[in-house]
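# Descriptive analysis of the structure
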Amino acid sequence: MAHIQLKSITKMFGNHTALKNLDLEIQDGQFFVLLGETGAGKTTTLRLIAGLEKPTSGQVFIDGVDVADWGAAERDVALVLQQYSLYPRYTVRENLEFPLKSKIRRVPDDEIKERVARAAKTLRIEHLLDRKTDRLSGGEMQRVSIGRAIVRKPRVFLMDEPLSALDAKLREALRTELKDLQRRLGATFLFVTHDQIEAMSMGDRVGVLNHGHLIQVGTPKDIYDNPRDTFVASFVGSPPMNLMEGKLLAGRAVVAPKTFELPYDGGVKSGGVGDDRPLTFGIRPEDVSLENDGPVTAKVHDVENHGVEKIVTLRVGDTMLRATVPARTDLAIDQDVRFAWNPKKVALFDRASGVSLRHAG
């Protein structure tokens, strides 16, 4: 197990800055998820910890030791990638044995047998041990990849989008299995993904990365309920948070005078929320409700049926927002409806900077 710390990490590739002054801490035995869009710097962060890249400036610590001069093998980390990186002509058993037979870290034969058996049982691939890996499905191959990491008993598991090549149902099953596996092993996991559902369902803590900057770190609940800025608000959540420009006038959120005004009771204590300050209001779709006597009238712009619920897009003038409603709700496109929102759940963001007023100052 290992405690990981990155201090003031900057990584340049030519003129391109992949990471800028990044500080990150992953506690021993934690499942930490790094979430960001393609090109945010997630894989670069992972490669710096693995020792496959060197930082332009800054330090990488594993268990309090600066590992700047350590090679990838000395760091004792295991990489699980989106591409399965298995030997196709080997059986599953031979693939699992391979990392234990290296010249650097040769393990006795009896222990190899025991570790392979335990990993196969853990991942439920015992029936595949004598099958060649080119005869496996995508999900089976990814299990074998994870098994190759487990047998080594590394200090840290580094996982770079390991589920993204799988179909939705298999991804869901492996999400649960990976989280369960991490708990049973008590291991430190850094899991990199662009999929915020993976991040929210798996992480003990989540770091949101945007263009090489770590925007916010917290529990999934912290980040969902209290996003630091409009980027996090729009990136985390499915569907994402509704963001609407407006002003706070006499305790009311005014998006459009008279046609779109709703009460606000978000409790932001920050000073300077005057009547003329340009703001962005944020509200989650589940905190918007259709009500016969709701204060605002809207037209139904779109309806998505998700089985247990419907996500309805409402149009008020030029403003669009989404509401999550029960599946039994009967709606038609262009139908007039009335709605309200939970005034305690409205987030305020400074329109110029995008930063939440709860985090400002």
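First, a word on what this report is: a plain description of the structure on this page. (Residues numbered from 1 in each chain as written. Predicted model: local features only at pLDDT ≥ 70, side-chain atom pairs only at ≥ 80, totals over all residues. Heavy atoms only, no water.)

The next thing to look at is the pattern of salt bridges. Counted according to the given criterion, the structure contains 21 salt bridges. The salt bridge partner of D265 is K344, with a shortest N-O separation of 2.8 Å. Pair noted here: D265 is in the loop between β13 (260-263) and β14 (279-283) and K344 is in the loop between β19 (336-341) and β20 (347-350), with a separation of 79 residues, a long-range link. Residue K344 is classed as exposed on the basis of its relative accessible area, which comes to 55%. Across the pair D334 and R315 runs a salt bridge, and its minimum N-O distance is 3.6 Å. Pair noted here: D334 is in the loop between β18 (319-326) and β19 and R315 is in strand β17 (residues 309-316), with a separation of 19 residues, a long-range link. Look at R315 and you get partly exposed, because its relative accessible area is 26%. Connected through salt bridges with shared partners, the residues K11, R47 and E53 form a single ionic network. (Salt bridge = Lys/Arg side-chain N within 4 Å of Asp/Glu carboxyl O. Helix = DSSP H or I, 4+ residues; strand = E, 2+ residues; numbered from the N terminus. Buried < 20%, exposed > 50% of the residue type's maximum accessible area, 1.4 Å probe, protein only.)

Ranked by size, the top nonpolar core spans 46 residues in total, and within it L178 and V208 carry the most contacts. A total of 6 residues in this core trace back to one element, the largest contributor, which is helix α5 (residues 138-151). In this structure, F260, V296, W341 and V346 belong to the second largest nonpolar core, which totals 27 residues. (Core = buried A, V, L, I, M, F, W, Y, C linked by side-chain atoms within 4.5 Å.)

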